[in-house]
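Observations on chain architecture
Now for the letters of each chain:
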There are 2 protein chains.
Amino acid sequence: MTHRFLAAAAALALVPAALAQQAPPSPGEIVGAAPAADWVAVPPDDLLVMDLAPDRAGKDRRIVIQLMPAPFSQGWIGNIRKLAAAHWWDGMAVTRVQDNYVAQWGDPDGEDAAKAKPLPGGLATMPEHAYLVPAERLPLRDPAPGEAGEGRRDPYAASTGFFSGWPMAFDRDHRWPVHCYGAVGVGRNFSPDTGSGAELYAVIGHAPRHLDRNIALVGRVVSGIEHLSSLPRGTGALGFYENPAERVPIRAIRLASDLPPTEQPRFEYLSTESDSFARYSDARANRRDPFFIAPAGGADICNIPVPVRAAGAK
Amino acid sequence: MTHRFLAAAAALALVPAALAQQAPPSPGEIVGAAPAADWVAVPPDDLLVMDLAPDRAGKDRRIVIQLMPAPFSQGWIGNIRKLAAAHWWDGMAVTRVQDNYVAQWGDPDGEDAAKAKPLPGGLATMPEHAYLVPAERLPLRDPAPGEAGEGRRDPYAASTGFFSGWPMAFDRDHRWPVHCYGAVGVGRNFSPDTGSGAELYAVIGHAPRHLDRNIALVGRVVSGIEHLSSLPRGTGALGFYENPAERVPIRAIRLASDLPPTEQPRFEYLSTESDSFARYSDARANRRDPFFIAPAGGADICNIPVPVRAAGAK
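One structure accompanies this document, and this report is about it. (Residues numbered from 1 in each chain as written. Chains lettered and ligands numbered in written order. Predicted model: local features only at pLDDT ≥ 70, side-chain atom pairs only at ≥ 80, totals over all residues. Heavy atoms only, no water.)

1. Thoughts on the relation of the copies chain A and chain B
Keep this limit in mind: Least squares is the method used to superpose the copies, on C-alpha atoms of residues holding a pLDDT of at least 70 in both. Working rule for contacts: check all heavy atoms of both residues, and any pair within 4.5 Å makes them a contact.
Expressed as a screw transformation, the operator carrying chain A onto chain B has a rotation angle of 180° and an axial translation of 0.0 Å, and the superposed copies differ by an RMSD of 0.0 Å. Viewed as a symmetry operation, the transformation between the two copies matches a two-fold axis. Both copies contact each other with a shared surface, as 100% of the interface residues of chain A are interface residues in chain B too.

Given below as structure tokens:
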């Protein structure tokens, strides 16, 4: 009987019982076995709920984005909360989908002073230094720079690690969030503009780490990324849709906390300070589950995605 | 006027002329300016041409895959050439699309001994050590392990670099190709099975480097990746399509050299031994074009994609 490539979950069921009992657990198995106490609830006002227009089969397309906690990008995140409260994105659209890069959304007429939708009052204008967090504001729970060892070598920073469920890069003086798959960031003009938060993008390809420190990251997609990553690619420059009919309308973007309580999606993430996460992270770097013959001995930070799941899931 | 995030190409046209003349070139500009002599034609028998069934708008969907040169994966690539010559994939299908991972294709009935399509005779059975190339078979043109410097640190190998247009990882004793976005590899069962080449996959997400050395890589998609990366994701385990009606039929897979000469697609890649590539690689690692404020000072191997273009393009 032929097994499919990496049919790990299905195939493991066909492994002889003795071998299944001895087989080192896969990362997914470690996560599935993590106790409830290792999971941290995401506050509802940290969840941005984006509903695209239904697909051609009439099915809803909901994307949920977890916003970053303090001290990261709080000015931009404050703006995003104001925009969501003002229902500013209702009727806006996904305007750009570039393969192996980003899907981007906002005001299709944002470049036209005559047609651009006015922004709500009171939005913060953020300085460029706010892309970085000074080291003293963020105690390191991971090895200090230079101590990370070979298994966490990174060409973009002295060291990488996790803080309260988020992947970070570090040098001696600063910490900053990293552009992994599904990360959500703030579109901007040339420096010194840093963007308001009205124009957002999600990473749908190989982690574009060269964008770290150059643009504000505000969160990550925790559900529904496929509604962005499987969109047709734009044929214009940089993947912009050339024909307005190609744009994907946004029905609404709301903070979960602004939805009726019974309708609020609930999510939880695996604490990156937990023993479960440490074992999961090690298993990502050293795959010893039956499919693998050569454990890597290391992993890049974006190849250790922090587990996030709908709360109440088992 | 508001510029879109990373509207680099469009925005650069609006940069004042004096600034445009002084602005360091972007990676794309370096590639566009590379002389013809820096481009290497891909032999037509290194090009696998995959035509999916037309999309719902009736448009053709052609994917072109460049196969790796000797000494990499030649046994599997020999099998792939035999399968293509036998028209074996005609009527097969894309059976699996897993977000941030792979799209996979082959015989949907491959697991059913009664229904599986017989393979052509004479296919090679490859040993696991063939995932790796002994160091003595491949002279290094890049820094030796340990000499790569901080800008090429890699958690998966002592060093990385390029050989004849292909990204590689190295340790003291071996070289091996790496799973970057668009890489094509060979589906297999559990060890010691190494796959025949009849079941193939392409990477459509963050580079799954943990698969390096565990599975045979045979090539990369050089055109039409969007026809795989924008497919609906499968809802079954590991992204397999649960409903046979969801599978995407393959009309044909042919070697370019087996197509009529006037119909053969032609491609060329930027020589990784050229000065243009060295400057492109440096620009990928140190973005100094106007959008960026903080050059990274390094890049992971998969964030320096080797430029490949249709031949005759300018």
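2. A look at the sheet that holds strand 10 (residues 183-186) of chain A
Remark on secondary structure: sheet strands pair via backbone hydrogen bonds, oriented parallel or antiparallel. All names here are of chain A. Threshold: Here, strands pair whenever DSSP counts at least two bridges between them. Helix and strand labels come from DSSP, where a helix needs a run of H or I of at least four residues and a strand needs a run of E of at least two; each type is numbered from the N terminus. Every axis corresponds to a line fitted to the C-alpha atoms, with the helix fit spanning only the stretch in contact, and the corresponding angles, defined between N-to-C directions, vary from 0 to 180 degrees.
Pairing in this closed barrel of eight strands is antiparallel, and the strands run 2-3-12-10-11-5-4-13 around the ring. Pairwise comparison of adjacent strand axes, ignoring direction, gives a mean angle of 35° for this sheet. Note that strand 2 (residues 47-52) and strand 3 (residues 61-67) share six bridges and pair antiparallel. Looking across to strand 3, one finds that Leu52 is bridged to Arg61. Of the strands in this sheet, strand 2, strand 3, strand 10, strand 11 (200-203), strand 12 (217-223) and strand 13 (248-255) touch helix 4 (residues 74-85), which is tilted by about 105° from strand 13.

3. Observations regarding the packing of aromatic side chains
Stated precisely, the cut-off is as follows: The rule is short: rings of Phe, Tyr and Trp, with Trp giving its six-membered ring, pair when the centres are within 6.5 Å, and they are stacked under 30 degrees, edge-to-face over 60, tilted in between. A 1.4 Å probe rolled over the protein chains alone gives each residue an accessible area, and that area as a share of the maximum for its type sets the label: buried under 20%, exposed over 50%, partly exposed in between. Whether a charge sits over a ring depends on NZ of Lys or CZ of Arg being within 6 Å of the ring centre and within 35 degrees of the ring normal.
Under the definition given, this model contains 12 aromatic pairs over all chains. With centroids separated by 6.2 Å and ring planes inclined at 80°, the aromatic side chains of Trp88 of chain A and Trp89 of chain A adopt a geometry described as edge-to-face. Residue classification places Trp89 of chain A among the buried positions, given a relative accessible area of 0%. Every member of this aromatic cluster is reached through a ring pair, and the members are Phe162, Phe277 and Tyr280 of chain A. Sitting over the face of the ring of Phe291 of chain A, Arg188 of chain B holds its NZ or CZ atom 3.8 Å from the ring centroid. In this arrangement the basic side chain of Arg220 of chain B is found over the ring face of Trp166 of chain B, its NZ or CZ atom lying 3.9 Å from the centre.

4. Thoughts on the pattern of salt bridges
Residues and elements named next belong to chain A. Put simply, the rule reads: Salt bridges are identified by distance alone: a Lys or Arg side-chain nitrogen within 4 Å of an Asp or Glu carboxyl oxygen.
For the structure on display, the rule yields 22 salt bridges over all chains. The partner of Asp99 in a salt bridge is Arg233, and the shortest N-O contact between them spans 2.8 Å. Separated by 134 residues along the polypeptide, Asp99 in the loop between strand 4 (93-97) and strand 5 (102-106) and Arg233 in the loop between helix 5 (226-229) and strand 13 bring together distant segments of the chain. Judged by relative accessible area, Arg233 falls into the buried class, the value being 12%.

5. Let's talk about the state of the cysteines
Such a bond, covalent and formed between the sulfur atoms of two cysteines, is termed a disulfide. Residues and elements named next belong to chain A. Selection criterion: In plain terms, two cysteine sulfur atoms within 2.5 Å form what is called a disulfide here.
The tally for this structure, following the rule as stated, stands at two disulfides over all chains. Here Cys180 is linked by a disulfide to Cys302, with a sulfur-sulfur distance of 2.0 Å. Disulfide Cys180-Cys302: the torsion about the S-S bond is -80°, which places it as left-handed. In this pair, Cys180 is assigned in the loop between strand 9 (174-177) and strand 10 and Cys302 in the loop between helix 6 (275-285) and strand 15 (308-310), connecting sequence segments 122 residues apart. Note on Cys180: relative accessible area 11%, which makes it buried.

6. Some details on the interface of chain A and chain B
Note the following rule: Note on definitions: buried area is the accessible-area loss of two parts on being combined, 1.4 Å probe, summed for both. Following the grouping adopted for this structure description, the nonpolar residues are Ala, Val, Leu, Ile, Met, Phe, Trp, Tyr, Cys and Pro, the charged ones are Asp, Glu, Lys and Arg, and the polar ones are all others, Gly among them.
Facing the 75 residues of chain A at the interface are 75 residues of chain B. Counting the surface lost from both chain A and chain B, the interface buries some 6400 Å², and carbon and sulfur atoms represent 56% of this. If you look at where chain A meets chain B, you find zero salt bridges. Secondary-structure elements contributing two or more residues to the side of chain A that touches chain B are helix 1 (8-12), strand 4, strand 5 and helix 5 of chain A. Looking at which element gives the most residues to the side of chain A that touches chain B, the answer is helix 1 of chain A, with four residues. Considered class by class, the residues forming the side of chain A that touches chain B number 37 nonpolar, 19 polar and 19 charged.

Geometry only, nothing functional implied.
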